[in-house]
Amino acid sequence: MKGYAMLKIGESGWIEKERPTCGPLDAICKPLAVAICTSDVHTLWEGAIGERHNMILGHECCAEVVEVGELVKDFKPGDRVLVPAITPDWNSLEAQAGYAMHSGGMLAGWKFSNFKDGVFSEFFHVNDADGNLALLPPNINSVDACMLSDMVPTGFHGVELADVQFGDTVLVIGIGPVGLMAVAGSNLRGASRIIAVGTRKNCVEVAKGYGAVDFVSYKNGTIEEQVLALTDGQGVDKVVIAGGSVETFESAVKCLKPGGKIGNVNYLGSGTYITIPRVEWGVGMGHKQINGGLMPGGRLRMEKLGALVAAGKLDVSPLASHVFEGWDHLEEALFMMRDKPADLIKPVVKLAD
Ligand code: NAD
Ligand code: ZN
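Residues numbered from 1 in each chain as written. Chains lettered and ligands numbered in written order. Predicted model: local features only at pLDDT ≥ 70, side-chain atom pairs only at ≥ 80, totals over all residues. Heavy atoms only, no water.

The next thing to look at is the sheet that holds strand S1 (residues 2–8). Sheet strands line up and pair through hydrogen bonds in the backbone, either parallel or antiparallel. Here we have three strands laid out as an open sheet, ordered S2-S1-S4, and antiparallel in their pairing. Lying at the two open borders of the sheet, with one neighbouring strand each, are strand S2 (11–16) and strand S4 (55–56). Of the strand pairs in this sheet, S1 and S2 are connected by six bridges, and their pairing is antiparallel. What sits directly across from Tyr 4, in S2, is Trp 14. Against the sheet, helix H1 (residues 38–45) contacts S1, S2 and S4, and its axis sits at roughly 50 degrees relative to S1. (Pairing = 2+ DSSP bridges. Helix = DSSP H or I, 4+ residues; strand = E, 2+ residues; numbered from the N terminus. Contact = heavy atoms within 4.5 Å. Axes fitted to C-alpha atoms, helices over the stretch in contact; angles between N-to-C directions.)

Right, here's the structure in full:
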């Protein structure tokens, strides 16, 4: 089979590989559409997860099942499925402890294009098919379905980690596709006011559609000065971090009211320490919580998020800003993600309807 692989850090291309074999609990699937992620860029060009040779990239897609193992109960060849970016081992101790995304070690629930070949391939392997796949609701098209692999679950997890409640004022830092889903998730959870940090014109427009009302630019002075000015010096109840760096936590803590919570889903690619400002953290006693997490994967989560989209309560279509048709365009889509033209949110490659 053909797959688009990282040959080594900084080099990629199409390669031939053996089709993966299907264990008793597994499935082999073929993509209906794939989406490119910022993580593919971090992995390939920044060496974020270290060196990899001939590893097929990609972890965002929806697919058709072509083969299942003899112990798989709920899926069969021909089923159209949602595929989460994170595919835990559901019988692990970490999963039993409530942190399935860390099954097998910290962050090890992330398998596609990390520990094994990803989904930019004619066929790919899914471990624990009953635990990880979900049927694709018939009224969700293949392009929108890709947004359910990573962007929706991650943005929404930021909202869960920040514990957004009815009436909260929420600050969302970074409005790429993950941050946009954090805006949408905060809105669904009943935030009364959403302030977003970001300036790209199309992202600002999409964020408005998802419920953000105030915008702050991190290029126009500190985030905290601008957020405190917008809130009469009070600050916000919750912060979701979906962009920035280790320094962003300083701003987030300064923006929070006492008792506030931060939910970080941003990948911190450099720096040794995260700075927490002593005074604004209540000299150690401000009840300001900082949470950070990898998105949960799994079937239940996929079914629930798919149901939200299928019911018309969440429109993910504005995220897919650039849609290509056919594998021939995969490389173009990937390079576009690296080069980030100003109007880009997500590039998607559609292979079937
Ligand atoms: P993105 O690069 O499209 O979006 C990040 C946004 O943050 C950009 O618009 C950028 O302009 C903005 N930004 C940069 N510096 C900033 C600053 N100092 N303050 C505020 N905003 C700033 O990426 P994305 O696809 O939306 O993903 C966001 C992050 O989430 C990435 O780091 C990605 O690796 C991570 N991620 C995490 C998980 C998870 O499970 N936790 C899953 C997927 C992606
Ligand atoms: Zn992703």
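The next subject is helix H11 (residues 330–339). Burial in H11 covers these residues: Leu 330, Ala 333, Leu 334, Met 336 and Met 337. All buried residues of H11 fall inside an arc of 155 degrees around its axis, so they share one side. Check the buried side of H11 and you find it contacts S1, S2, strand S3 (27–35), H1, strand S15 (322–325) and strand S16 (347–350). Two residues or fewer after H11 comes Lys 340, characterised by a positive phi angle close to 45 degrees. (Buried < 20%, exposed > 50% of the residue type's maximum accessible area, 1.4 Å probe, protein only. Arc of directions from axis to C-beta.)

Let us look at the UniProt feature "domain: Enoyl reductase (ER)" (unreviewed entry) in the protein chain. What UniProt calls "domain: Enoyl reductase (ER)" (unreviewed entry) maps, in this numbering, to residues 10–349. With 27% helix and 22% strand, residues 10–349 has end C-alpha atoms that lie 22 Å from one another. (UniProt positions renumbered as here; feature names shortened; annotations may be inferred.)

It is worth spelling out the nonpolar core at this point. Among the nonpolar cores identified, the biggest contains 51 residues, and Met 147, Val 152, Ile 175, Met 181, Tyr 210 and Leu 314 are the most heavily contacted of them. For this core, the elements supplying multiple residues, two or more each, are S3, helix H4 (142–146), helix H5 (151–162), strand S9 (169–173), helix H6 (177–188), strand S10 (193–197), helix H7 (201–210) and helix H10 (299–310). When residues of this core are assigned to domains, at least three fall in each of domain 1 (2–150 + 295–350) and domain 2 (154–292). The contact partners of Met 181, leaving out residues within four places of it in the chain, are Met 151, Val 152, Gly 155, Phe 156, Tyr 210, Leu 314, Val 316 and Leu 319. Among the nonpolar cores identified, the runner-up in size contains 38 residues, and Val 72, Val 119, Phe 120 and Leu 334 belong to it. (Core = buried A, V, L, I, M, F, W, Y, C linked by side-chain atoms within 4.5 Å. Domains from an automatic or database assignment.)

Bringing the pattern of salt bridges into the picture now. Should the charged atoms of two oppositely charged side chains come close, the side chains can pair. The final tally for this structure, using the stated rule, is 19 salt bridges. As a salt-bridge pair, Glu 205 and Lys 208 come within 3.6 Å of each other at their nearest N and O atoms. Residue Glu 205 and its partner Lys 208 are located together in helix H7, separated by three residues, close to a single helical turn. With a relative accessible area of 44%, Lys 208 lands in the partly exposed category. Shared partners join several salt bridges into a network, and the residues in it are Asp 74, Arg 299 and Glu 303. (Salt bridge = Lys/Arg side-chain N within 4 Å of Asp/Glu carboxyl O.)

Our next topic: the environment of Gly 10. Within the secondary structure layout, Gly 10 lies in the loop between S1 and S2. Leave out the neighbours within four places in its chain, and Gly 10 touches Leu 44 and Trp 45.

On to the packing of H5 against H6, then. For the pair H5 and H6, interaxial distance at closest approach is 7 Å and the crossing angle is 55 degrees. As far as their axial angle goes, H6 and H5 are oblique. Crossing handedness for the pair H5 and H6: right-handed. Across the interface between the two elements, Met 151, Val 152, Thr 154, Gly 155, Phe 156 and Val 159 of H5 pack against Pro 177, Val 178, Met 181, Ala 182, Ala 184, Gly 185, Ser 186 and Leu 188 of H6. Residues belonging to the contact of H5 with H6 are distributed by class as follows: ten nonpolar, four polar and no charged. (Parallel < 35°, antiparallel > 145°, perpendicular 65-115°, else oblique. Left-handed = near helix turned anticlockwise from the far one by under 90°. Nonpolar A, V, L, I, M, F, W, Y, C, P; charged D, E, K, R; others polar.)

A word on the coordination of the zinc ion (ligand 2). Distances from the zinc ion (ligand 2) to its protein donors, Cys 37 (SG), His 59 (NE2), Glu 60 (OE) and Asp 150 (OD), fall within 1.9 to 2.3 Å. For the zinc ion (ligand 2), the four donor atoms in the first shell make angles of 93 to 126 degrees at the metal, so the coordination geometry reads as tetrahedral. Counting the intervening residues between successive donors of the zinc ion (ligand 2) yields the motif C-x21-H-E-x89-D. Separated by 90 residues along the polypeptide, Glu 60 in strand S5 (residues 60–68) and Asp 150 in the loop between H4 and H5 bring together distant segments of the chain. Taking the relative accessible area as the measure of exposure, Glu 60 reaches 0% and is therefore buried. Assessed through its relative accessible area of 9%, Asp 150 is described here as buried. (Donors = N, O, S within 2.8 Å, 3.2 Å for Na, K, Ca; no water. Tetrahedral: all angles 85-135°; square planar, octahedral: opposite > 155°, others 65-115°.)

What follows is about the site of ligand 1. Close to ligand 1 lie 22 residues, the nearest being Thr 38, Val 178, Val 265, Asn 266 and Met 295. Taking Gly 293, its main chain carries an N or O atom lying 3.0 Å from a nitrogen atom of ligand 1. Coverage of ligand 1 by the protein chains reaches 82% of its 850 Å² of free accessible surface. Of all the elements in the fold, those that place two or more residues in the shell around ligand 1 are H1 and H6. (Near = heavy atom within 4 Å. Polar contact = N/O pair within 3.5 Å; in protein donor to acceptor, adjacent residues only side chain to side chain. Areas by Shrake-Rupley, 256 points an atom, 1.4 Å probe, with all protein chains shown as cover.)

Quick look at H1 now. For H1, every residue scored as buried is listed here: Asp 40, Val 41, Thr 43 and Leu 44. Along the axis of H1, the buried positions cluster into a sector of 165 degrees, meaning they face one direction only. Looking at the packing, one finds that the buried side of H1 touches S1, S2, S3, S4 and H11. Gly 47 sits one or two positions beyond H1 and adopts a positive phi of about 60 degrees.

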